[in-house]
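# Topology and contacts: notes
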Amino acid sequence: MFKTLYARIAVVFLLLFLLAGLLFVLLAGITNRLYLQQLDQQVNRHLARDLVIRKFFIRDGQVNTAALQESFEQLMKINPSIELYLLDPAGRILAYSAPPGRVKLETVSLVPVRRFLAVNPEFPVLGDDPRHPELQKTFSVSPVPAKGPLEGYLYIILGGEQYQSVADILRRNYYFRLSAGVAVAGLVAVVLAGLFVFRLLTRRLRILATAMNEFKDGGFATPVELPDSLFHEGRDEIGQLGEIFHQMSGRIIHQFHQIRQEDQLRRELVSNVSHDLRTPLSSLQGYLETMKLKDSEMAPAERREHLETALRQTGRLSRLVNELFELARLDAHDIQLNREPFHLAELLQDVVGKFRLAAQHHEVELKMETPGGNCFVEGDIGLIERAIQNLLDNAIRYTPKGGTVVVAIVPDGNDLVLKVSDSGPGIDEGDLPHIFDRHYRARRHLEEENGTGLGLAITKRVVDLHGGRIRVVSQPGTGSTFFFSLPQWVPLKID
Ligand code: ADP
């Protein structure tokens, strides 16, 4: 029932308000009583003195009971709540105006009497009530006689029994009903206002909670739009929570997709690797088993042929494993490139030098064209070398005897473009969009033993990592040209 924040706040608020209401009634009662007592005592401050001035209450050491009775009757007519006592100088009660048996104290404490008679008393001063020893009441007191040697005191209790009961009735009927009425009305009004305000305040929290639940229900993969009203009231705590949730959910979704993608890649890789390794491995195993079975019957030439085939298959296997490893390394998200400026033409010369023998072997003419001037690019020299090697290797491999392969560097604005052209068979239109995909090999080259279908994928990844672009122009029968561009490196000029 009290699960929502709103309900909890409402209950706490209600309890606090009830407590505050109770405290208010209590405090109001106390201050009101003090105020009435002060008023009553101040108004009747000189009552006792006025009586003492007019009458002799003690004459020749004897109590003048008649004077006392007369004064009491007079006062009763004006104020029936008053009670009169005549005390001796020690506070002992000598005579009083009440019916016999009602007075329970014999002595009245003189401490409050002296406080009352001080120069500037602080009202209300409460003194003993002889009829109710457990109560303290307001009084008026005067020494008897008013001037001259002290013979006693005239002690008048202002809020006598009758007054007390009337005040009680009044309080019960009027004061309490009024304050209770006011408190209840105030309570209802403030509670209603409070509930309304809390509902408004918790509204944005509810919006946020709904958005979070939606995000959870969407499997943490679907973005949730947060309404603008969540941020309207400035960057308060709820606004900040919304902002953080927004960033957090964005990040979770991004990582979720990344993990899914990586998982997909990993699955593809495992299935491709097992497929690619299976063919050369089973061929290798076949040849080795044949050799083992027919060992004695095999002619040396046949054995040599088998061994050479097995060796070719291991070469293919090792090439495949190397390329798969390289591609996996390049695919890693945290790959670090060793970027440095280097001379592209010099690198090209080195690579071409390494391929001269292979070109001769294939009976293909290998030419190089490099421009003068700034041939510097910035990048990972090892990876760029690998990319050029792949293109050259393909060009020489796929170009038939007597053909030509040309590598060239062509400046293009702020870039340097590396071109590898051959006079080979070209690439069919249907294969062109796919040749940079991993494991893709044109149909006409599927039987080629040396191919893995990974070379161009590696080259493209290297060029992508360097912020360059790779493309191919090819027409079946006339050859192919591969281009990739790299941003030219310009040294900083220091004056
Ligand atoms: P492979 O190891 O099969 O050469 P690549 O990724 O290097 O793998 O190349 C993918 C495919 O693109 C090749 O199988 C081939 O069909 C085609 N190809 C690449 N370079 C050339 C080229 N210079 N001439 C014709 N076809 C090419």
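Okay, so let's go over this structure. (Residues numbered from 1 in each chain as written. Predicted model: local features only at pLDDT ≥ 70, side-chain atom pairs only at ≥ 80, totals over all residues. Heavy atoms only, no water.)

## Regarding the overall build of the protein chain
To keep things clear, this is the line we draw: For helices the rule is a DSSP run of H or I covering at least 4 residues; for strands it is a run of E covering at least 2, with both sets numbered from the N terminus onward. The globule rule is 2.2 Å times the number of residues to the power 0.38, and the radius of gyration it is compared with is taken over C-alpha atoms. The contact criterion used is simple: two residues touch if any of their non-hydrogen atoms lie within 4.5 Å. Using the Shrake-Rupley algorithm and a 1.4 Å probe, accessible areas are obtained, with residue cover drawn only from the displayed protein chains. The charge count treats Lys and Arg as positive and Asp and Glu as negative. His and the chain ends do not count. For charged residues, the charge sits on one atom: NZ in Lys, CZ in Arg, CG in Asp, CD in Glu.
Counting secondary structure elements, the protein chain contains 11 helices and 14 strands. The C-alpha atoms of the protein chain give a radius of gyration of 56 Å, which is well past the 23 Å a tight globule of 495 residues would have. Relative to all contacts within the protein chain whose residues are 6 or more apart in sequence, the contacts with residues 24 or more apart total 65%. Total accessible area computed for the protein chain in this model is approximately 29,900 Å², and 58% of it derives from carbon and sulfur atoms. In the protein chain, the 56 positive side-chain charges and the 59 negative ones have mean positions that sit 10 Å from each other.

## A few points about the packing of helix H10 (residues 381-398) against helix H11 (residues 455-465)
This is how it is decided: The axes are straight lines fitted to the C-alpha atoms, using for helices just the contacting stretch, and the angles between their N-to-C directions are given from 0 to 180°. By convention, the crossing between two helices is left-handed when the near helix turns anticlockwise from the far helix through less than a right angle, and right-handed when the turn is clockwise. Any residue outside Ala, Val, Leu, Ile, Met, Phe, Trp, Tyr, Cys, Pro, Asp, Glu, Lys and Arg is labelled polar, Gly included; the first ten of those are nonpolar and the last four are charged.
Closest axis-to-axis distance for the H10/H11 pair is 9 Å, and the angle between their directions is 145°. Considering the relative orientation of H10 and H11, their crossing is left-handed. For the pair formed by H10 and H11, the contact residues are Leu-383, Ile-384, Arg-386, Ala-387, Asn-390, Leu-391 and Asn-394 on the first element and Gly-455, Leu-456, Ile-458, Thr-459 and Val-462 on the second. Looking at the contact of H10 with H11 residue by residue, the classes come out as 7 nonpolar, 4 polar and 1 charged.

## Focus on the pattern of salt bridges
Heads up, the condition is: A pair is scored as a salt bridge if a Lys or Arg side-chain nitrogen falls within 4 Å of a carboxyl oxygen belonging to Asp or Glu. Exposure categories follow from relative accessible area, calculated using a 1.4 Å probe and restricted to protein chains: below 20% of the type maximum is buried, above 50% is exposed, and the middle band is partly exposed.
According to the stated counting rule, one finds 17 salt bridges in the structure shown. Here Arg-397 ties to Asp-393 by a salt bridge, and the two come within 3.2 Å at their closest N and O atoms. One end of the pair is Arg-397 and the other is Asp-393, both in helix H10 and 4 residues apart, which spans about a single turn. Judged by its relative accessible area of 22%, Asp-393 falls in the partly exposed class. Through salt bridges that share partners, Arg-319, Glu-323, Glu-326, Arg-329, Arg-386, Asp-393 and Arg-397 make up one connected network.

## Re unusual backbone geometry
Leaving glycine out, the prevailing phi sign among residues is negative, and the prevailing peptide bond configuration is trans. In the segment running from Phe-123 into Pro-124, the intervening peptide bond is cis, with an omega of 0°. Summarising the element assignment, Pro-124 is placed in the loop between helix H4 (111-117) and strand S5 (126-129). In this chain, Val-144 is followed by Pro-145 through a cis amide linkage whose omega measures -10°. As for its position among the elements, Pro-145 is in the loop between strand S6 (132-144) and strand S7 (152-157). Positive phi, normally seen in glycine, also occurs at Phe-220, with a value near 60°. For Phe-220, the location among the structural elements is in the loop between helix H5 (161-217) and helix H6 (229-232). Even without being glycine, Glu-363 reaches a positive phi, approximately 60°.

## As for the nonpolar core
This is how it is decided: Nonpolar cores are built from buried Ala, Val, Leu, Ile, Met, Phe, Trp, Tyr and Cys residues. Side-chain atoms within 4.5 Å join them into one set.
One finds Leu-344, Ile-388, Leu-392 and Phe-484 to be the most contacted residues of the largest nonpolar core, which totals 49 residues. Looking at this core, the elements that each hand over two or more residues are helix H8 (300-331), helix H9 (344-362), H10, strand S11 (404-412), strand S12 (415-422), H11, strand S13 (469-475) and strand S14 (479-487). In contact with Ile-388, not counting residues within four places along its chain, are Leu-344, Leu-347, Leu-348, Val-351, Leu-418 and Phe-484. Residues Leu-47, Val-52, Phe-72 and Val-144 belong to the second largest nonpolar core, which totals 18 residues.

## Describing the pairing of strand S4 (residues 93-96)
Stated precisely, the cut-off is as follows: A pair of strands is treated as paired once DSSP finds two or more bridges between them.
The pairing of strand S3 (residues 83-87) with S4 spans 3 bridges and is classified as antiparallel. Its bridge partner lying in S4, Leu-86 is registered against Ala-95.

## Points about the site of the ligand
Threshold: Any residue with a heavy atom lying within 4 Å of a molecule or strand is counted as near it. Polar contact criterion, stated in full: a pair of N or O atoms within 3.5 Å, where within protein one must be able to donate a hydrogen and the other to accept it, and residues adjacent in sequence count only if both atoms are side-chain atoms.
Every one of the 20 residues lining the ligand counts as a neighbour, but Asn-394, Tyr-398, His-445, Thr-452 and Leu-456 are closest to it. Within the side chain of Asn-394, a nitrogen or oxygen atom sits 2.8 Å from an oxygen atom of the ligand. One of the side-chain N or O atoms of Arg-397 is found 3.0 Å from an oxygen atom in the ligand. Listing elements by their share of the shell around the ligand, those giving two or more residues are H10, H11 and S14. Counting residues per element, the shell around the ligand draws most heavily on H10, at 4 residues. In terms of residue class, the shell around the ligand is made up of 9 nonpolar, 8 polar and 3 charged.

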